[in-house]
Amino acid sequence: MDTTKKIFNKSSLLVPLVSIVLGLIIGAIAMLAGGYNPILAYTSLFERLFGSPYHMGEAIRAITPLIFTGIAVAFAFRTGLFNIGVEGQFVMGMTGATLIGVLLDLPWYIHGPLAIVTGALFGGLWAGIVGFLKATRGVNEVISSIMLNWTALYLANYIVAAFLLEPGQQKSRPIHASALMHIDWLIELMDRARMHWGTLIALLGVGVFYLLLWRTKQGYELRAVGHNPDAALYAGMNVNRTIVKSMMISGVFAGLGGVFEVLGVFGNQTIMAASPGYGFDGIAVALLGGNTPVGVLLASILFGGLSYGSSGMSFGAGVPSEIVRIVIGSVIFFVAAHGIVKYMLKPFMQKRSADKRKEAA
Amino acid sequence: MEVWGQLINTTLVFSTALIFAALGGMFSERSGVVNIGLEGLMVSGAFAAAVATYSASEAGFGSGSPWIGLIAAVVYGVLFSLLHAVATITFKSDQTVVGVVINILALGVAIYFTRSLYDGSVQTPQLYDVFSKVSIPLLSDIPILGEGFFHAYPTTYIVAILVAVSYFLLFKTPFGLRLRAVGEHPSSADTVGINVSRYRYIGVMLSGALAGLGGATITLTTTSSFAYNTISGQGFIALAALIFGKWNPLGLAGAAVFFGFAQAIRNFAQLFDWSKNIPTEVFYMLPYVLTLIVLAAAVGRSSAPSALGQPYDPARR
């Protein structure tokens, strides 16, 4: 298992770990600046996370969409694309699943799968637009995806308001039970926490992410294009088609995240003032996880746990829950600018080797 | 007829913020540093302007308060852009990734401190003192055009002057020549004795100052407070204006006015017969969809500075 060895080798693990510590320290400084007690806040965070089966289950519920958006971003990254549009693809995935779930009435063995596939396709096609514009018109994928994020938000709101609205409310009619993805026995077990099959699919997604990229010919092509598009072109690969394909696969992962938010968690879709933000957190997850399957999984557990636990911080220590945005932002700042971390570590490293030399002498 | 004058006027209000930010992006990208973080820098400016203006009003500065807000936005914007500069120039990190991080971080910091400053409220209080429109004597009496162009916020006049100054600075001064050289061919610039890092730092810090002004403009002329959605994609639209305007002050100003119009038309949708029955969501989508179409239609990728996005490493020239 060379890849696992690579993931766990010392230097690649050191930067993320130090970044997490630095992020927590900066969060503590921000709390002190706002006049709060950071130790009380971090303790309440942990108490919230591990306090009761309900909160643990809800934390898993919060982690699940991040696994999906994390692998979506990481997949595109591996092929040399920066899919910042996961947010919009997530929203389109929600909308696709809600449309099928509300408008159709089918037996459960068709209804659920159809809703899932439709949502995934909505996400994939929405991302495909970005890939198409980049491949044919050379439009920078970052800007086009941002524009599509806002478009998706208003388009989703329009679809809910025009076709699916529950009269007198700012949300869609409920999704038919035949399309819902709850796990009833687990919900009972976890004190009514909203457990659903999406978590299992997300874990499978991590496996698919690995197999697709590292165990298939297509995956090799995708990574080759990401690594060096010119060389890939010279080797006879169709770079433009690869760009579109990669974006669409990434969008399918993102769309699935949205699908299970409506089918597994809420059972309807609200008219949103802002997009849910899981897509942007997916960028953080992918960066911290180094775009590796295991890394993404661990990073989504960390960031999902932090985000969910932040409600405990505001409950226990009065800290605005947005503090977690600062912690996550700082962590990925240090991961992105790993040169800074290495620079900060240098004195310690040198000291250690100097100590060793002294001991030897 | 009055509607048209008002439409021009509102277009300019929205364009002003975009031009500020796009000019900022221009200085950064002309020096070779991609600045996806414009959105976050605008958020920072909008937040700093709201807090400073509110505090200044409380302290009794009256109508001088928004000017204090503008200065605060510049200072805070520059501080935030320094994060970008240190990470991308000194430590040679990926510029796009760092830009995205700046966006996430700027919004997190702004909302966290808004909530801790104002008792958990997710937006700053309404500001008492914001900019009011200034009419230019005589010129503002011209029908339609007078109402459209010469009855505007001070920030609009400032940005008009800044466009001219930037053009002069970029194309007619040694500073501009060096800045462009650093963005086009850093190793040649280095060979003739130009300090590449210093010019890139200046470029990125200018982007912080100008995008900060752009954000402040929105707080002080449009929303009169800061909330999480005060800046909603304007930084990215400014980037699109920069690309569409081919990294040229006059070009980007023209593009920004076009995008400003797309935002302004939303407020006028109810006033025209032809647009009454179009769902409001369509008008909300319009600026973003138009930006996308324009980007897809705009040809000439080659006009980007050639060293854009590449960290300069003297050891590898």
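Not measured: the values here are computed from a predicted model. (Residues numbered from 1 in each chain as written. Chains lettered and ligands numbered in written order. Predicted model: local features only at pLDDT ≥ 70, side-chain atom pairs only at ≥ 80, totals over all residues. Heavy atoms only, no water.)

A.B. asks: Tell me about the overall build of chain B, and name the residues and values.
C.D. replies: Scanning chain B from N- to C-terminus turns up 12 helices and 2 strands. Secondary structure elements of chain B, listed N to C terminal, follow the sequence α-α-α-α-β-α-β-α-α-α-α-α-α-α. By the compact-globule yardstick of 20 Å for 317 residues, chain B fits well, its C-alpha radius of gyration being 20 Å. When the 317 residues of chain B are sorted by exposure, 56% land in the buried category. Here the analysis covers contacts within chain B between residues at least 6 apart in sequence; of these, 77% occur between residues at least 24 apart. (Helix = DSSP H or I, 4+ residues; strand = E, 2+ residues; numbered from the N terminus. Rg over C-alpha atoms; globule rule 2.2 N^0.38 Å. Buried < 20%, exposed > 50% of the residue type's maximum accessible area, 1.4 Å probe, protein only. Contact = heavy atoms within 4.5 Å.)

A.B. asks: Outline the overall build of chain A, listing residues and values.
C.D. replies: Tallying secondary structure elements over chain A gives 16 helices and 0 strands in all. Its C-alpha atoms give chain A a radius of gyration of 22 Å, near enough to 21 Å, the size a compact globule of 361 residues would have. With the C-alpha coordinates of chain A rotated into their principal frame, the extents come out at 80 × 60 × 35 Å. Each of the 361 residues in chain A was classed as buried or not, and the buried ones make up 55%. Long-range pairs, those at least 24 residues apart, make up 77% of the contacts in chain A with a sequence separation of at least 6. Of the accessible surface of chain A, which amounts to about 15,700 Å², a share of 67% is contributed by carbon and sulfur atoms. Each charge class in chain A was averaged separately, 25 positive and 17 negative side chains, and the resulting centres sit 12 Å apart. (Areas by Shrake-Rupley, 256 points an atom, 1.4 Å probe, with all protein chains shown as cover. Lys, Arg positive; Asp, Glu negative; His and termini not counted. Charge placed at Lys NZ, Arg CZ, Asp CG, Glu CD.)

A.B. asks: Which residues make up the UniProt feature "transmembrane region" (unreviewed entry) in chain B, and what are the values?
C.D. replies: According to UniProt, the feature "transmembrane region" (unreviewed entry) maps to residues 6–24, 36–55, 67–89, 96–114, 150–170, 201–220 and 281–300 of chain B in the numbering used here. Split by type, residues 201–220 of chain B is 100% helix and 0% strand. Its first and last C-alpha atoms lie 28 Å apart. (UniProt positions renumbered as here; feature names shortened; annotations may be inferred.)

A.B. asks: So, the environment of D141 of chain B: which residues are in play, and what are the values?
C.D. replies: Residue and element names in this part refer to chain B. The topology assignment puts D141 in the loop between strand 1 (134–135) and helix 5 (145–149). The exposure class of D141 is exposed, given its relative accessible area of 60%. Between the C-alpha atom of D141 and that of F268, which follows or precedes it by 127 residues, the distance is 23 Å.

A.B. asks: Outline the environment of M237 of chain A, listing residues and values.
C.D. replies: All names here are of chain A. Here M237 shows up in the loop between helix 11 (229–234) and helix 12 (239–266). Between the C-alpha atoms of M237 and Q218, which are 19 residues apart in sequence, the distance is 10 Å. Other than its neighbours up to four places away in sequence, M237 contacts Y220, E221, A224 and A232.

A.B. asks: Residue-level account of the interface of chain B and chain A, with values.
C.D. replies: Contacts between the two partners involve 41 residues from chain B and, on the opposite side, 46 residues from chain A. Summed over both partners, the interface of chain B with chain A buries about 3,700 Å², with 82% contributed by carbon and sulfur atoms. Taken together, the connections running from chain B to chain A amount to 1 salt bridge. With a shortest N-O distance of 3.0 Å, R115 of chain B and E322 of chain A are connected by a salt bridge. (Buried area = accessible area lost by both parts, 1.4 Å probe. Salt bridge = Lys/Arg side-chain N within 4 Å of Asp/Glu carboxyl O.)

A.B. asks: Could you give an account of the nonpolar core, naming the residues involved and the relevant values?
C.D. replies: Residues and elements named next belong to chain A. M31, L263, F303 and I323 are the most contacted members of the largest nonpolar core, which totals 190 residues. Per element, the largest residue contribution to this core is 13 residues, and it comes from helix 4 (residues 53–78). Ranked by size, the runner-up nonpolar core spans 6 residues in total, among them L186, I187, M190 and A193. (Core = buried A, V, L, I, M, F, W, Y, C linked by side-chain atoms within 4.5 Å.)

A.B. asks: How would you sum up the side chain of Q95 of chain B? Please name residues and give values.
C.D. replies: Residues and elements named next belong to chain B. Within the secondary structure, Q95 sits in helix 4 (residues 95–117). Among the polar contacts listed, one links the side chain of Q95 to the backbone nitrogen of G309, at a separation of 3.3 Å. Excluding residues within four positions of it along the chain, Q95 makes contact with G32, V33, V34, H84, T88, G309, Q310 and P311. (Polar contact = N/O pair within 3.5 Å; in protein donor to acceptor, adjacent residues only side chain to side chain.)

A.B. asks: Go over helix 1 (residues 2–30) of chain B with me, naming the residues and quoting the values.
C.D. replies: Residues and elements named next belong to chain B. With 29 residues, helix 1 should cover 42 Å at 1.5 Å per step; its first-to-last C-alpha distance of 40 Å lies within 8% of that length. Approximately 30° is the largest bend angle found in helix 1, and it occurs at S15. Of all 29 residues in helix 1, 24 are buried; the element is thus mostly enclosed. Count one or two residues on from helix 1 and you reach G32, which has phi positive near 100°. (Expected span 1.5 Å × (residues − 1). Bend = angle between axes of the 7 residues up to and from the residue.)

A.B. asks: Outline the confidence of the model for chain B, listing residues and values.
C.D. replies: All names here are of chain B. Mean pLDDT over chain B stands at 89; residues scoring 70 or higher make up 97%. For chain B, the element scoring lowest by mean pLDDT is helix 5, at 74; helix 9 (residues 196–223) scores highest, at 96. Across the predicted assembly, pTM comes out at 0.89 and ipTM at 0.87. (pLDDT = per-residue confidence, 0-100.)

A.B. asks: Can you break down the UniProt feature "transmembrane region" (unreviewed entry) in chain A residue by residue, with the values?
C.D. replies: Residue and element names in this part refer to chain A. In this numbering, the UniProt entry assigns the feature "transmembrane region" (unreviewed entry) to residues 12–39, 59–78, 90–110, 116–135, 147–165, 195–213, 282–303 and 323–345. Helix makes up 100% of residues 116–135 and strand 0%, whereas the separation of the span's terminal C-alpha atoms amounts to 28 Å. This span, residues 282–303, is 82% helix and 0% strand, and a straight line between its end C-alpha atoms measures 9 Å.

A.B. asks: Go over a nonpolar patch on the surface with me, naming the residues and quoting the values.
C.D. replies: A contiguous nonpolar surface patch, about 630 Å² in accessible area, is contributed by L103, L104, W108, Y109, I110 and L114 of chain A. The leading source of residues in the nonpolar patch is helix 6 (residues 108–137) of chain A, at 4 residues. (Patch = residues over 30% accessible without salt bridge, like charges linked within 9 Å, V, L, I, M, F, W, Y side chains within 5 Å.)

A.B. asks: An account of the pattern of salt bridges is requested, with residue identities and associated values reported.
C.D. replies: Residues and elements named next belong to chain A. Enumeration according to the criterion identifies 6 salt bridges over all chains in this entry. A salt bridge links R61 to E58, with the nearest nitrogen and oxygen atoms 2.9 Å apart. You can see R61 and its partner E58 sitting in helix 4, 3 residues apart, about one turn around the helix. Since its relative accessible area comes to 2%, E58 is described here as buried. Put simply, D281 and R325 hold a salt bridge, and the shortest N to O gap is 2.4 Å.

A.B. asks: Residue-level account of unusual backbone geometry, with values.
C.D. replies: Residues other than glycine seldom take positive phi values, yet D191 of chain A does so here, at roughly 60°. Tracing the backbone through its elements, the reader meets D191 of chain A in the loop between helix 8 (184–189) and helix 9 (198–214). Backbone geometry places K246 of chain B, a non-glycine residue, at a positive phi of 50°. Of note, K246 of chain B is situated in the loop between helix 10 (234–244) and helix 11 (249–268).

A.B. asks: Go over the packing of aromatic side chains, please, and point to the residues and values.
C.D. replies: Scanning the entire structure with this criterion turns up 26 aromatic pairs over all chains. A network of ring pairs unites the aromatic residues F75, F209, Y210, W214 and F253 of chain A as a single cluster. (Phe/Tyr/Trp six-rings, centres within 6.5 Å; stacked < 30°, edge-to-face > 60°.)

A.B. asks: Give a detailed account of the environment of A286 of chain A, specifying residues and quantitative values.
C.D. replies: Residues and elements named next belong to chain A. On the secondary structure map, A286 appears in helix 13 (residues 278–288). Put simply, A286 and G70 are 216 residues apart on the chain and 5.0 Å apart in space, counted from C-alpha to C-alpha. Once residues lying within four places of it in the same chain are set aside, the contact partners of A286 are G70, V73, A74, F77, N291 and V296.

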